[in-house]
Amino acid sequence: MSTTTYPSVRLRRADVELTGTLTYDHRAQRLQIAYPDGETEVLSTDLMVYGYLPWPGEAFIKDWSEHFGLTDALVTAGIVVPVEHVEVGPFRSRAYRVRVLEPVGAVR
């Protein structure tokens, strides 16, 4: 499987800090974080039900509920660059299509 790994990532949001190893699966277009305790969390979201698909090297990050502010934290950490935002669902919730960066020293 083709993945890019970002070790020792610290994502700071207003109310919480996420620390762990971030991976981007190029085939599934999925960002995931593995915490030091072994638990994992998928950070990206699938918006295909709304007709949105990310381009290769991209993912969607929702900006509501427990992921509010996550895109800003990923940008600050140098992991992604926002490409566009979309509004989905009955409440017109915002999600960002982001391009996942390939930093120098990333393991693929």
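Scroll up a little and you will see the structure.
Please read these numbers as outputs of a predicted model, since none were measured by experiment.

Novice: Could you give an account of the sheet that holds strand β3 (residues 30-34), naming the residues involved and the relevant values?
Specialist: Strand order in this open sheet of four strands is β1-β2-β3-β4, and the pairing throughout is antiparallel. The sheet is open, and its two edges are formed by β1 (3-12) and β4 (40-42), each paired on a single side. Each strand of the sheet is rotated relative to its neighbour by a mean of 30 degrees, with strand direction disregarded. One ladder, built from eight bridges, connects β1 with strand β2 (residues 17-25); its direction is antiparallel. Bridging from a neighbouring strand, Leu 11 pairs with Leu 18 of β2.

Novice: So what's going on with the pairing of strand β6 (residues 80-88)? Which residues, and what values?
Specialist: Where β6 and strand β7 (residues 93-100) come together, eight bridges link them in antiparallel fashion. When the bridges of β7 are listed, Val 80 appears paired with Val 100.

Novice: Can you break down the nonpolar core residue by residue, with the values?
Specialist: With 20 residues, the main nonpolar core has Leu 11, Leu 22, Leu 31, Leu 43 and Leu 74 as its most contacted residues. Secondary structure elements with two or more residues in this core: β1, β2, β3, β5 (58-62), α1 (70-76) and β7. Look past the residues within four positions of Leu 11 in its chain and what remains in contact with it is Val 16, Glu 17, Leu 18, Leu 43, Leu 70, Ala 73, Leu 74 and Ala 77.

Novice: Can you explain the pattern of salt bridges? Please cite residues and give values.
Specialist: On inspection of all chains with the given rule, the structure shows nine salt bridges. Glu 66 is paired through a salt bridge with Lys 62; the nearest N and O atoms lie 3.2 Å apart. Given the relative accessible area of 41%, Glu 66 is considered partly exposed. Lys 62 sits in the buried class, given a relative accessible area of 15%. Note that Arg 97 and Glu 84 form a salt bridge whose closest N and O atoms lie 3.0 Å from each other. Of this pair, Arg 97 sits in strand β7 while Glu 84 sits in strand β6, placing them 13 residues apart in sequence. For Arg 97, a relative accessible area of 11% translates into the label buried. Residues joined by salt bridges that share partners form a network here, namely Arg 10, Arg 12 and Glu 17.

Cut-offs used in this document
Residues numbered from 1 in each chain as written. Predicted model: local features only at pLDDT ≥ 70, side-chain atom pairs only at ≥ 80, totals over all residues. Heavy atoms only, no water. Pairing = 2+ DSSP bridges. Helix = DSSP H or I, 4+ residues; strand = E, 2+ residues; numbered from the N terminus. Axes fitted to C-alpha atoms, helices over the stretch in contact; angles between N-to-C directions. Core = buried A, V, L, I, M, F, W, Y, C linked by side-chain atoms within 4.5 Å. Buried < 20%, exposed > 50% of the residue type's maximum accessible area, 1.4 Å probe, protein only. Contact = heavy atoms within 4.5 Å. Salt bridge = Lys/Arg side-chain N within 4 Å of Asp/Glu carboxyl O.

So far we have only geometry, and geometry alone does not tell us how the molecule works.
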